[in-house]
Amino acid sequence: MGDLFAWLLFFIILIALLVVVVYQLMCLADLEFDYINPYDSASRINKVVLPEFITQGVLCFLYLITGHWVMSLLGVPYLYYNVRLYMQRQHLLDVTEIFNQLNWEKKQRLFKLGYLIVLLFISLFWMIYSALEDDEHDIHGF
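This is a predicted model, so every value here is computed, not measured. Numbering of residues starts from 1 in each chain and follows the order in which that chain's sequence is written. The predicted origin of the model limits local features to residues at a pLDDT of at least 70 and limits the giving and counting of side-chain atom pairs to 80 or more, whereas totals for whole chains, interfaces and linings rest on all residues. As a convention, hydrogens and water are excluded, and side-chain values are obtained from all of the structure's heavy atoms.

A. Representation of the UniProt feature "transmembrane region" (unreviewed entry) in the protein. Under the UniProt annotation, the feature "transmembrane region" (unreviewed entry) is placed at residues 53-81 and 113-132. Secondary structure elements are taken from DSSP: a helix is a run of H or I of four residues or more, a strand is a run of E of two residues or more, and numbering for both begins at the N terminus. Here residues 53-81 runs as 90% helix and 0% strand, with 10 Å between its end C-alpha atoms. The straight-line gap between the two end C-alpha atoms of residues 113-132 is 28 Å; of that span, 100% is helix and 0% is strand. UniProt positions are given in the numbering used here, feature names are shortened, and annotations may be inferred rather than shown by experiment.

B. Here's a closer look at the nonpolar core. Here the nonpolar core consists of buried residues drawn from Ala, Val, Leu, Ile, Met, Phe, Trp, Tyr and Cys, with membership extended through side-chain atoms lying within 4.5 Å. Each residue gets one of three labels from its accessible area relative to the maximum for its type: buried under 20%, exposed over 50%, partly exposed in between, using a 1.4 Å probe on protein chains only. In this structure, W7, F10, L14, L17, L59, Y63 and L116 are the most contacted members of the largest nonpolar core, which totals 20 residues. When contributions to this core are tallied by element, the ones reaching two or more residues are helix 1 (2-32), helix 2 (38-65), helix 3 (69-87) and helix 4 (102-140). Counting residues per element, this core draws most heavily on helix 1, which supplies 10 residues. Here, two residues are considered to be in contact whenever any of their heavy atoms come within 4.5 Å of each other. Those residues in contact with F10 that sit more than four places away from it in its chain are L59, L62, Y63, T66, H68 and S123. Judged by nonpolar contacts, the second largest core, of 12 residues, contains A42, I45, L85 and L102.

C. Spotlight on the packing of helix 1 against helix 2. Between helix 1 and helix 2, the least distance of the axes is 9 Å, while the angle of their chain directions is 160°. Here helix 1 is positioned roughly antiparallel relative to helix 2, judged by the angle of their axes. With respect to the hand of their crossing, helix 1 and helix 2 are arranged in left-handed fashion. Residues of the contact of helix 1 with helix 2, tallied by class, amount to 19 nonpolar, 4 polar and 2 charged. Every axis corresponds to a line fitted to the C-alpha atoms, with the helix fit spanning only the stretch in contact, and the corresponding angles, defined between N-to-C directions, vary from 0 to 180 degrees. Each angle receives one of four descriptions, namely roughly parallel if under 35 degrees, roughly antiparallel if over 145, roughly perpendicular if within 65 to 115, and oblique otherwise. The hand of a helix crossing depends on one turn: near helix anticlockwise from the far one by less than a right angle means left-handed, and clockwise means right-handed. Under the scheme applied here, ten amino acids are nonpolar (Ala, Val, Leu, Ile, Met, Phe, Trp, Tyr, Cys and Pro), four are charged (Asp, Glu, Lys and Arg), and all others, including Gly, are polar.

D. Spotlight on the environment of V118. Counting through the fold element by element, V118 comes out in helix 4. Using a relative accessible area of 48% as the deciding quantity, one classes V118 as partly exposed. Separated by 112 residues in sequence, V118 and A6 have C-alpha atoms that sit 18 Å apart.

E. A nonpolar patch on the surface, seen in detail. Note that patches include only residues with greater than 30% relative accessible area and no salt bridge, and the join distances are 9 Å for like charges and 5 Å for nonpolar side chains (Val, Leu, Ile, Met, Phe, Trp, Tyr). Here the Shrake-Rupley method, with its probe set to 1.4 Å, supplies the accessible areas, and only the displayed protein chains count as covering residues. One speaks of a salt bridge when a side-chain nitrogen belonging to Lys or Arg is within 4 Å of a carboxyl oxygen belonging to Asp or Glu. There is a patch of nonpolar side chains on the surface, built from L50, I54, V58, V83, Y86 and M87 and spanning about 560 Å² of accessible area. Every element with two or more residues in the nonpolar patch is listed here: helix 2 and helix 3. Along the chain, V58 turns up in helix 2.

F. Seen up close, the side chain of Q24. With respect to the helices, strands and loops of the structure, Q24 is situated in helix 1. Taking relative accessible area as the criterion, Q24 reaches 0% and is therefore assigned buried. The contacts of Q24, once residues within four sequence positions are left out, are I45, V48, V49, E52 and R109.

G. Inspection of the packing of helix 2 against helix 3 at higher detail. Remark: helix 2 packs on helix 3, axes separated minimally by 9 Å, with the N-to-C direction vectors making an angle of 150°. Here helix 3 runs roughly antiparallel to helix 2, going by the angle between their axes. Every pair of crossing elements has a handedness; the one defined by helix 2 and helix 3 is left-handed. When helix 2 is examined against helix 3, the residues L50, E52, F53, Q56, G57, C60, Y63 and L64 are found in contact with a partner set consisting of W69, M71, S72, G75, V76, Y78, L79, N82, L85 and Y86.

H. Broad picture of helix 1. For helix 1, spanning 31 residues, the distance from its first C-alpha to its last is 45 Å, which sits close to the expected 45 Å at 1.5 Å a residue. Where helix 1 ends, the next residue or the one after it, D34, has phi of about 65°, a positive value. How far a helix is expected to stretch is found by multiplying one less than its residue total by 1.5 Å.

Right, here's the structure in full:
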């Protein structure tokens, strides 16, 4: 039963990460279509970058301590990329360069979105598998 709750927690964290990345993409799209000025767009995105990085780190740590090694290994490239961006101080958007970097920033977030969707479906599969496995054990009395 504990494994099911762990997968449910992973699923919720992944949904939160998806919401943050989609929010960043919406801010970039609003900037591209001139609905928002560059300063507001950059400040909104910069407010959620560190929480995104921290949440991803927590997710990888939770995978490790719960013994889900494969999922932890699948989360490491994304975590490494975030750490590398942070260490090189490239994690925040620059207001003066945002239009020059707009296409790159959108591609970066779209890649993150796709990666998180893959992790979400894998997590959903394992959550359903754990629920069915727990149900099977309850029926057979193990």
